[in-house]
Amino acid sequence: MMSNENKSASCQQSRMMKALRREPTDCTPIWMMRQAGRYMQEYREVREKTSFLDLCQNPSLCAEVMITAVERLDVDAAIIFSDLLPILQPMGMELEFQKGEGPVIHNPVRSLEDCENLRPLDDPQELGFVYETVRLTRAALRPELPLIGFSGAPFTLASYAIEGGASRNYVHVKKMMHGKSGLWDVIMSRLADAVAKYLIEQIKSGADIVQIFDSWAGCLSVSDYARFVKPYSAEAIRRVKEFSPETPVIHFATGNPMLLPEIREAGGDCIGADWRIDLDDAWDLIGRDRSIQGNLDPAVLLGAREEIEASAARVLRQAAGRPGHVFNLGHGILKETPVQNAIDLVKIVRDLSS
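First, a word on what this report is: a plain description of the structure on this page. As the structure is a computational prediction, the values presented were derived from the model and not from experiment.

### Some words on the overall build of the chain
Helix and strand counts for the chain come out as 16 helices and nine strands. Over its C-alpha atoms the chain spans a radius of gyration of 19 Å, differing by no more than 12% from the 20 Å that the globule rule assigns to 354 residues. Overall size of the chain, expressed as C-alpha extent along the three principal axes, is 55 × 40 × 40 Å. Within the chain, the proportion of its 354 residues that are buried is 58%. Taking contacts inside the chain between residues at least 6 apart in sequence as the whole, the part at least 24 apart equals 72%. Distance between charge centres in the chain, computed from 40 positive and 49 negative side chains, equals 2 Å.

Structure follows, in structure tokens:
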């Protein structure tokens, strides 16, 4: 059995870690968001026996689900199996995943009185099941394969907490954002603190990389993102990097590619891009002194192998062989995706980039 030091050394020399440091690799590393999920029969069999929230709070099952996916796909990194929203529960939010409806917060934050429901994350160990998922997944992975921990970004978490669930127009969020009550700063500061603590605990538990998902940031203009969101994401990332300078941070937002320069300023060693912009244009906006992750449209994996190969080749051409590209989808794998297409994509990327 390898020592922890040797495990760490082999992981640090992996394709994924090298790419995040913008060092040359033998081929482009690839992993996929939602690589363990509903498109896989093995996952559906697990889900038939338990609710989604119960699964997220069962570290051994979470580790099993991700290890199965990693072995089937042969990807270059694993990400812990969890969700963005359990962090809100110890903060006082009443969270439920309703069949066909997705996540619902039963006590959304809309007023000063409601704000008292969103407590600081004073005891990060209330999320101990996530850290145990990190430990079990890290222990079961091949030593050279990096493990990614993650959190929702403060804005995306605030959006769920304020809207009470998914939203098309973000009325309650933007009303609070542009209001004079001062609640926006209270909520976002509290969430930035929680995100930093949460990611630091994941790093302590064995995460080699952490990713921040700002899944809803695309609803914002560039000026609103810069004013109302960037300072809080920047604070969370600053604290993570202060705790562990050697742990790469991937910062990913979706929906509005014009946010990329602001996202870069908020922080992150690697900036994720979705499929709404060509990868080379995204890298120009981000700056070539950062690595980039992306950015195949997930819907391409619903098509024929020839189209998957052509689309992957286009992304790789845009990366132009520059060190620092991590191949990924522009968002998570769609549940309708044939598993073989995901397996094929990994092989295609390896063959084309070798």
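Don't stop here, the text continues.
### Regarding empty space enclosed by the protein
The tally for this structure, following the rule as stated, stands at one cavity of 30 Å³ or more. By volume, the largest cavity is sized at about 50 Å³. What lines the largest cavity is Ala 253, Thr 254, Gly 255, Asn 256, Pro 257, Leu 260, Ile 263, Gly 272, Ala 273, Asp 274 and Ile 277.

### Looking at the layout of surface pockets
Put simply, the largest pocket is a space of about 1,500 Å³. Contributing elements (two or more residues each) for the lining of the largest pocket: helix 3 (41-47), helix 4 (52-56), strand 2 (95-98) and strand 3 (102-105). Across the lining of the largest pocket, the residue classes tally to 21 nonpolar, eleven polar and nine charged.

### Looking at the pattern of salt bridges
Taken as a whole and judged by the stated rule, the model has 23 salt bridges. With its nearest N and O atoms 2.6 Å apart, the salt bridge here joins Lys 230 to Glu 262. Linking Lys 230 in helix 12 (residues 230-243) with Glu 262 in helix 13 (residues 260-266), this pair joins segments that are 32 residues apart in sequence. You can call Glu 262 buried: its relative accessible area is 15%. Here Arg 276 makes a salt bridge to Asp 274, at a shortest N to O gap of 2.5 Å. Since its relative accessible area comes to 43%, Arg 276 is described here as partly exposed. Via salt bridges that share partners, Arg 15, Asp 26, Asp 74, Asp 76 and Arg 350 belong to a single interconnected network.

### Overview of the side chain of Ser 205
With respect to the element layout, Ser 205 can be found in helix 10 (residues 183-205). Of the residues examined, Ser 205 reaches a relative accessible area of 10% and is grouped as buried. Within the structure, the side chain of Ser 205 is placed 2.8 Å from the backbone oxygen of Glu 201, a separation counted as a polar contact. Setting aside residues no more than four positions away along its own chain, Ser 205 makes contact with Tyr 131, Val 134 and Arg 135.

### Topic: helix 14 (residues 279-286)
Along helix 14, the residues that are buried comprise Leu 279, Ala 282, Trp 283 and Ile 286. An end-on view of helix 14 places all buried positions within 100° of arc, on one side of the element. On its buried face, helix 14 is in contact with helix 13, strand 7 (270-272), strand 8 (291-296), helix 15 (305-319) and strand 9 (325-329).

### Thoughts on the sheet that holds strand 7
Note: strands within a sheet are paired through backbone hydrogen bonds, in either parallel or antiparallel orientation. On the basis of which strands lie adjacent, the open sheet formed by seven strands has the order 1-4-5-6-7-8-9 and parallel pairing. Sheet topology places strand 1 (78-79) and strand 9 at the edges, where each strand pairs with a single neighbour. Relative to strand 8, strand 7 runs parallel, the two sharing three bridges. When the sheet's bridge partners are listed, Ile 271 is paired in strand 8 with Ile 292. Along the sheet face, helix 12 touches strand 5 (209-214) and strand 6 (249-253) and points at about 165° away from the line of strand 6.

### As for the environment of Asp 193
Along the chain, the position of Asp 193 falls in helix 10. As for Asp 193 and Ser 233, which are separated by 40 residues in sequence, their C-alpha atoms are 9.8 Å apart.

### Here's the deal with the pairing of strand 9
Within strand 9, five of the five residues are buried, leaving the element largely enclosed by the surrounding structure. Judged by which residues are buried, strand 9 turns out to be covered on both faces: His 325, Phe 327 and Leu 329 on one side and Val 326 and Asn 328 on the other are all buried. In the sheet, strand 8 pairs with strand 9 via five bridges, with the strands oriented parallel. Residue Asn 295 lies in a different strand from strand 9, and its bridge partner there is Asn 328. Viewed along the sheet, the connection from strand 8 through helix 15 into strand 9 turns out right-handed.

### As for helix 8 (residues 154-163)
Among the ten residues in helix 8, ten count as buried, and that is most of the element. Buried within helix 8 we find Pro 154, Phe 155, Thr 156, Leu 157, Ala 158, Ser 159, Tyr 160, Ala 161, Ile 162 and Glu 163. Residues of helix 8 that are buried sit in contact with strand 3, strand 4 (147-152), helix 9 (171-177), helix 10, strand 5 and helix 12. Looking at the residues trailing helix 8, positive phi occurs at Gly 164, about 85°.

What counts and how
- Residues numbered from 1 in each chain as written.
- Predicted model: local features only at pLDDT ≥ 70, side-chain atom pairs only at ≥ 80, totals over all residues.
- Heavy atoms only, no water.
- Helix = DSSP H or I, 4+ residues; strand = E, 2+ residues; numbered from the N terminus.
- Rg over C-alpha atoms; globule rule 2.2 N^0.38 Å.
- Buried < 20%, exposed > 50% of the residue type's maximum accessible area, 1.4 Å probe, protein only.
- Contact = heavy atoms within 4.5 Å.
- Lys, Arg positive; Asp, Glu negative; His and termini not counted.
- Charge placed at Lys NZ, Arg CZ, Asp CG, Glu CD.
- 1 Å grid on protein atoms, 1.4 Å probe; cavity = no way out; pocket = protein on both sides within 12 Å on 5 of 7 lines; lining within 4 Å.
- Points joined across faces, edges and corners; volume = space filled by probe spheres on them.
- Nonpolar A, V, L, I, M, F, W, Y, C, P; charged D, E, K, R; others polar.
- Salt bridge = Lys/Arg side-chain N within 4 Å of Asp/Glu carboxyl O.
- Polar contact = N/O pair within 3.5 Å; in protein donor to acceptor, adjacent residues only side chain to side chain.
- Arc of directions from axis to C-beta.
- Pairing = 2+ DSSP bridges.
- Axes fitted to C-alpha atoms, helices over the stretch in contact; angles between N-to-C directions.
- Right-handed = clockwise from strand over helix to strand, strands pointing away.

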